[in-house]
Amino acid sequence: MVNWGFIGAGHAARVAMAPAVHRSRPSTLRIAAARELRRAEALSPGRGTTDYADVLADDAVDVVYISLSNESHLAWCLKALEAGKHVLCEKPLGLSAAQVDLIARAADRAGRTVSEAMWYRWHPRMRAAERIAASFGRGAHIDATFAVHRSDHGNYRWDPARGGGALHDLGGYVLSAVLAMNGWRVPRVVSGTRVTGPTGVDTSTTASLAWDDGATATVHVSFTADQPREVLDLRGDGERLALPDWPFSAIARDTVHLVHRDTSGRRTVTEYADVDAYRLMVDDFSRAVSGGSGWTMPLAESRAVAALSEAVARTASSKEN
């Protein structure tokens, strides 16, 4: 049994990760820490606490899951690794490629595993999409959009000092998707625009990407969409691959589909029902740190996403909202 400790009890921990650990056969939630004890205890751990350090001091804890505001990820990843724990950290793992490098070096020193909790990468639909995309010819184009409407202006996501903004919060999904579907090759950022809101964060960012083989992508993230919109659509020469329903936010109770039209015109629709990708992530991580065959998102991929996010931010011209 792999013992998990949670640092942070926010939305992801409450509605997705704690239930996933409780459902995971090789895992147990030994301890959870939050600023308010009631929030920690709401996760149904073996023990709740208001002191994050209690999680690191528990010798029985094997894995620390970090679910804090973005600017806190680096510090608590390093502290957890120094305490000899494996780490699964919410996205973004780092606010820059340099931060991911610091985490990677600390993981090497500690001999521990670190992975970014980019949960949709564990969904079998996305795993299948990555395999199919590898067979597309040169010059394919990807549209990747994750647009929501946020009205919680007191949330840390609106604070630039706390790693806020649409690109930090949502960009990891669309950028990791276009990279994964292009074999993790690094693109050029051809152009970009961002809308800066009154708090100083980007409320939306759009960018055009290009690869040397002629492949292209358009990515878009937003906090101010009139209606939620998610798109992941790959089009090649006479071929199309689409994830038509909630590619970046599908939850266990959703039935979702993968649609592939090959070069002969044959259309295949694959249905995925009752898939808990959070549990798949927890199961794999627990197996991996126990010496098993579980898959974890490589730090090299997290670094590639962070570096591309920085490149998009540098290129995007701003306008005030």
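Everything quoted here is computed from the prediction, not taken from an experiment.

## So, the nonpolar core
(1) Moving on: Counting residues in hydrophobic clusters, the biggest one holds 76 residues, and the most contacted among them are Trp4, Phe6, Met17, Met126, Met181, Leu209 and Leu232.
(2) Moving on: In terms of residue count, helix α7 (residues 166-180) provides more of this core than any other element does, ten residues in total.
(3) Moving on: Look past the residues within four positions of Met181 in its chain and what remains in contact with it is Met126, Ala129, Ala133, Ile142, Leu232, Leu234 and Leu241.

## With respect to the pattern of salt bridges
(1) Moving on: Going through the model one piece at a time under the given rule, you end up with 19 salt bridges.
(2) Moving on: For Asp169, the salt bridge is made with Lys91, and the minimal N-O distance between the two is 3.1 Å. Of this pair, Asp169 sits in helix α7 while Lys91 sits in the loop between β5 (86-89) and α5 (97-110), and the two are 78 residues apart along the sequence.
(3) Moving on: Taking the relative accessible area as the measure of exposure, Asp169 reaches 4% and is therefore buried.
(4) Moving on: Residue classification places Lys91 among the buried residues on the basis of a relative accessible area of 11%.
(5) Moving on: Several salt bridges converge on common partners, so that one network encompasses Lys91, Arg157 and Asp169.

## Some details on the packing of aromatic side chains
(1) Moving on: In this structure the tally under the stated criterion is eleven aromatic pairs.
(2) Moving on: When the centroid spacing of 5.4 Å and the interplanar angle of 80° are considered together, the rings of Tyr120 and Phe248 count as edge-to-face. Taken as a pair, Tyr120 in the loop between β6 (114-116) and α6 (124-133) and Phe248 in the loop between β12 (240-242) and β13 (256-261) lie far apart in primary sequence, 128 residues in all. In this structure, Tyr120 and Phe248 share a single accessibility class: buried.
(3) Moving on: Here Phe146 and Tyr173 contribute two aromatic rings whose centre-to-centre distance is 5.3 Å and whose plane-to-plane angle is 75°, an arrangement assigned as edge-to-face. With a gap of 27 residues between them, Phe146 in strand β7 (residues 141-149) and Tyr173 in helix α7 connect regions that are remote in the sequence. The residues Phe146 and Tyr173 share a single accessibility class, namely buried.

Procedures and definitions
- Residues numbered from 1 in each chain as written.
- Predicted model: local features only at pLDDT ≥ 70, side-chain atom pairs only at ≥ 80, totals over all residues.
- Heavy atoms only, no water.
- Core = buried A, V, L, I, M, F, W, Y, C linked by side-chain atoms within 4.5 Å.
- Buried < 20%, exposed > 50% of the residue type's maximum accessible area, 1.4 Å probe, protein only.
- Helix = DSSP H or I, 4+ residues; strand = E, 2+ residues; numbered from the N terminus.
- Contact = heavy atoms within 4.5 Å.
- Salt bridge = Lys/Arg side-chain N within 4 Å of Asp/Glu carboxyl O.
- Phe/Tyr/Trp six-rings, centres within 6.5 Å; stacked < 30°, edge-to-face > 60°.

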